[in-house]
Amino acid sequence: MAVIFQKTKGLTDCETHYCPGCTHGIVHRLVAECLEELGVLGKTVGVCPVGCAVMAYDYFNCDMVEAPHGRAPAVATGIKRVQPGNVVFTYQGDGDLAAIGTAETIHAATRGENITVIFINNAIYGMTGGQMAPTTLPGQVTQTTPYGRDTGYSGFPVKVCELLQNVDGVAFAERTAVNTVAHIRQAKAAIKKAFTCQLEGRGFSIVEVLSTCPTNWGMTPVEALGWVEEKMIPYYPLGNFADRDVHRKPEGENV
Amino acid sequence: MILNMLVAGFGGQGVLFMGKVAAKTAMLEERFVSWLPSYGPEMRGGTANCAVCIDDKEISCPLITRPETLVVLNTPSFERFTDAVKPGGRVFVDSSLVDKKTDRTDIDAFYIPSTGLAEENGLKGLGNIVMLGQVLRQTAFTGLETLVQSMKECVPASKAFLQEANERALRLGFSYCAVQA
Amino acid sequence: MSQKYLMKGNEALAEAAIRAHCRHFFGYPITPQTEVAAYMAKRMPKIGGTYLQAESEVAAINMVLGAASAGARAMTSSSSPGISLKTEGISYIAASDLPALIINVMRGGPGLGGIQPSQSDYWQATRAPGHGDAQLLVYAPSSVQEMVDLVIRAFETGEKYRCPAMLLADGMLGQMMEPVSFPDEIALPASKPWALTGTGEKRRPNIINSLYLTPSQLEEIVRKRFERYELIKQNEVLWDSYRLEDAEYMVVAYGATARICKAAVEIAREMGVKAGLFRPVTLWPYPTSQLAECAKKVSRILCVEMSMGQMVDDVRLAVNGTCPVSFYGRTGGIVPTPEEIAQQITALAAAKA
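Residues numbered from 1 in each chain as written. Chains lettered and ligands numbered in written order. Predicted model: local features only at pLDDT ≥ 70, side-chain atom pairs only at ≥ 80, totals over all residues. Heavy atoms only, no water.

**Description of the sheet that holds strand 3 (residues 50–53) of chain C**
For clarity, the cut-off: For two strands to be treated as a pair, DSSP must find no fewer than two bridges joining them. The numbering of helices and of strands both runs from the N terminus, where a helix is a DSSP run of H or I of at least 4 residues and a strand a run of E of at least 2. Interaxial angles span 0 to 180 degrees and are taken between N-to-C directions of axes, which are lines fitted to C-alpha atoms, for helices over the stretch in contact. In what follows, a contact means two residues having at least one pair of non-hydrogen atoms within 4.5 Å.
Sheet architecture is open: 7 strands sit in the order 3-2-4-5-7-6-13 (chain C), paired in mixed fashion. Each edge of the open sheet carries a strand with a single partner, namely strand 3 and strand 13 (282–284) of chain C. Sheet twist, expressed as the mean angle between neighbouring strand axes with direction ignored, is 20°. Along the sheet, helix 2 (residues 72–82) of chain A contacts strand 2 (24–27) and strand 3 of chain C; its crossing angle with strand 2 of chain C, the most-contacted strand, is approximately 150°. Contacts from helix 6 (residues 144–161) of chain C reach strand 4 (74–78), strand 5 (101–106), strand 6 (137–139) and strand 7 (165–170) of chain C, with the element oriented near 170° to strand 6 of chain C.

Structure follows, in structure tokens:
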């Protein structure tokens, strides 16, 4: 029988623990497919965050390490400096990347660290049960902003791609979403481009993925996909924010 | 102990360097040695001192609280350390910079205008080395040629042009006849 | 082993690490350990190594975690307040069974404290180097030569047992110059089949992790780790003594303080008091049984530290009430003098008589 479609080699057979309707699974698959299609699965090391994707080491079919909360870019830096020829990526949520790990993110970016960061922005803390994230939208109700996020009190959401756009070490930054088939295809293209950027030794690459959290948003999966379109995308516009060469030394040469 | 010396002055006077040149002789002679600086947040201009111990047996404690040999290159150090010198010990005072004399009669005091001597001989800034020459003369903790060699090894390649002046300063200090108080 | 160099403790330990094949150093400047970073910054690029100045101590220790998980012999160095920031990473490194070297050139604390020598991080190093049930190998050099020897040993022992190691020094040792020599040849690290090098699509993925959500699984893993700790306690204890053979009074001190205590022992003996010194070289594992054995032959023990009294806990635990233990300490960056310690020893003798 002809095989028309099969699961990517980039994922293990382990069943994920994600909630119904959560888009982590889609992003995992996109990352895994890109690694397989680029033929680099065997030389990839991934870094897991703290957050819902904390157990991603069970799902990605490559060497994986679990980092302390927010420190994934620093851990990835250590790995990449030891093995400049390997592909190193982090997979981080908004609390991990844009709150506790802001310094690690910004400085890995300023160094033009030749790693790829997959950034899941779902505007909420999923794993701890729905508290305000640095990316929670103005007015958004969460467990810790029960009356809606008051920007005069809790401040404004962090726009990561806009922030990193101005960092010289960033070679590639793109914001995508996975709420429609078209967006999923664009997201995959961006992820592949980010990894290609790393393979070319161009510097820090990041793909922000607007993602859903139906459980903590209190919505059905379908409603959640709509909320991304109606609420998130207007605040976090999709598109490319950086695509340039930050002039790093060629791969394999010690830095 | 062959040498138990505390050198004290302002940062920038070459206090630590002087101690290092003395310490390095022990390396050349395969003796035991320790060099311990005091340090503050200021790299230059503050007070600085270093303790040098040279012995034929292992140095148990690198800290010197009661020096046998004290070198003071400024007045605050004179005031702070002279009373600590062990009875029977000696103090070397840069009399170009320190206008004081000790009342102690149980130690030998040498007043050497080392900064002035250096300047008069076109060796500005090498008062510390002039003083080291005199310390050698009075203590004979090593040989003059060993000290010259040690200095060569302590001067970085980028400052090799200072070597000739350093050596002259050392010999100048060594041959200076101090009037003992 | 013949060639001798006159080097500062901080520089000697950096050179020792390089000779021990360490090629990855991640740091953040802090007084009084900055010479370590400066030395590495100068040397590493010339030998194909990595010196990277991180954005914080937190990032630096996590870079070490990454490099160690990739199989490298990696290290970082800092001083007390910086070590507090690293404790998060140290806990994860210990929990991930990774070897790595952490240098602490201690300064006075707590808080920002001062920049003069201190030994007030003993509890932190031996009791709580991070959260959770975990230990670090802790080595306490008391000479520049030991800075060299123990750096090499810390790397090798850490890799043997897959656990992080700390060199607990202080500003006095770091800044001091003494003659040192380096071993002619240091063995290359053994292969690390667990390292994250990429599967090459030839093996199952290696996973380095510290998360175990099933209590029974976590308990089993911690228990297994503690079985290794037991082996460490049996095999890796180091200690030294000075004039203890006929001593009636035993001083217990480590690191730079032990050097000062040696001089104090000599002064006390000149005054007719038979004193000797017991010096733990490993602070974890602590030379508990060795100290207990030595305590049987003396009538009084004096523990001396540059702290308000931290190691004295371990001395009392080791002696277990069989011999009176007193404590003398200076803190805040004050280095005690041999004379003041000798006075403490002779006072003990006088109290007994």
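**Notes on the confidence of the model for chain A**
When pLDDT drops low, the exact placement of atoms in the prediction is not to be read closely. How we decide: Summary of the metric used: pLDDT quantifies the predictor's per-residue confidence within the range 0 to 100.
In the predicted model, chain A carries a mean pLDDT of 95, and 96% of its residues have values of at least 70. Low pLDDT (under 50) marks residues 251–255 of chain A, which in the prediction has 15 contacts with non-local residues, meaning those over four places away or in another chain.

**Looking at the domain arrangement of chain C**
All names here are of chain C. Cut-off, in case you're wondering: These domain limits were set by an automatic method or by a database of domain assignments. Whenever Lys or Arg places a side-chain nitrogen within 4 Å of a carboxyl oxygen from Asp or Glu, that contact is recorded as a salt bridge. Any pair of N or O atoms that falls within 3.5 Å is considered a polar contact. Within protein, one atom must be able to donate a hydrogen and the other to accept it, and sequence-neighbouring residues count only if both atoms are side-chain atoms. Three classes are used, and their members are as follows: Ala, Val, Leu, Ile, Met, Phe, Trp, Tyr, Cys and Pro are nonpolar, Asp, Glu, Lys and Arg are charged, and the others, Gly among them, are polar.
When its domains are assigned, chain C resolves into domain 1 (5–186 + 223–235) and domain 2 (240–352). Each of domain 1 and domain 2 was reduced to a C-alpha centroid, and the two centroids are 26 Å apart. Taken together, the contact pairs 32 residues of domain 1 with 27 residues of domain 2. Notably, a salt bridge pairs Arg279 with Glu146, separated by 2.8 Å at the nearest N-O pair. There are 16 residue pairs in polar contact (both at pLDDT 80 or more) connecting domain 1 and domain 2. Of all the elements in the fold, those that place two or more residues in the side of domain 1 that touches domain 2 are helix 5 (122–126), strand 6, helix 6, strand 7, helix 7 (171–175) and helix 8 (215–235). Here the side of domain 1 that touches domain 2 is composed, by residue class, of 17 nonpolar, 9 polar and 6 charged.

**Observations regarding the pattern of salt bridges**
Put simply, the rule is: Exposed residues in this analysis have more than 50% of their type's maximum accessible area, buried residues have under 20%, and partly exposed residues fall in between, with area computed by a 1.4 Å probe over protein chains only.
Enumeration over the complete set of coordinates arrives at 45 salt bridges over all chains. The salt bridge partner of Glu15 of chain C is Arg19 of chain C, with a shortest N-O separation of 2.7 Å. With Glu15 of chain C and Arg19 of chain C both in helix 1 (residues 9–19), this residue pair falls 4 residues apart, about one helical turn. Accessibility expressed as a relative area gives 4% for Glu15 of chain C, which makes it buried. One salt-bridge network, held together by shared partners, links Arg29, Glu33, Glu37, Lys188 and Lys192 of chain A.

**Looking at the interface of chain C and chain B**
In plain terms, the rule: Values labelled buried area give the accessible surface lost by two parts on being combined, using a 1.4 Å probe and summing over both.
Contact with chain C, which involves 25 residues of that partner, is made by 21 residues of chain B. For the pairing of chain C and chain B, the buried interface totals around 1,800 Å² over both sides, and the portion due to carbon and sulfur atoms is 68%. Together, Leu6, Met177 and Arg259 of chain C form the three largest contributors to the area buried by chain C at its contact with chain B, with a combined 31%. In this structure, the connection of chain C to chain B is made through 1 salt bridge. A salt bridge links Lys262 of chain C to Glu58 of chain B; its shortest N-O distance comes to 3.9 Å. One can count 4 residue pairs in polar contact (both at pLDDT 80 or more) joining chain C with chain B. Breaking the side of chain C that touches chain B down by element, the ones donating at least two residues are strand 1 (5–8), helix 7, strand 8 (177–180), helix 9 (255–270) and helix 12 (338–352) of chain C.

**Side note on the pairing of strand 2 of chain C**
Regular strands have side chains that alternate between both faces of the sheet. Residue and element names in this part refer to chain C. Residue alternation in strand 2 divides its side chains into two sets, His24 and Phe26 and Phe25 and Gly27, and both sets are buried. In the sheet, strand 2 pairs with strand 3 via 4 bridges, with the strands oriented parallel. When the sheet's bridge partners are listed, Phe25 is paired in strand 3 with Tyr51.

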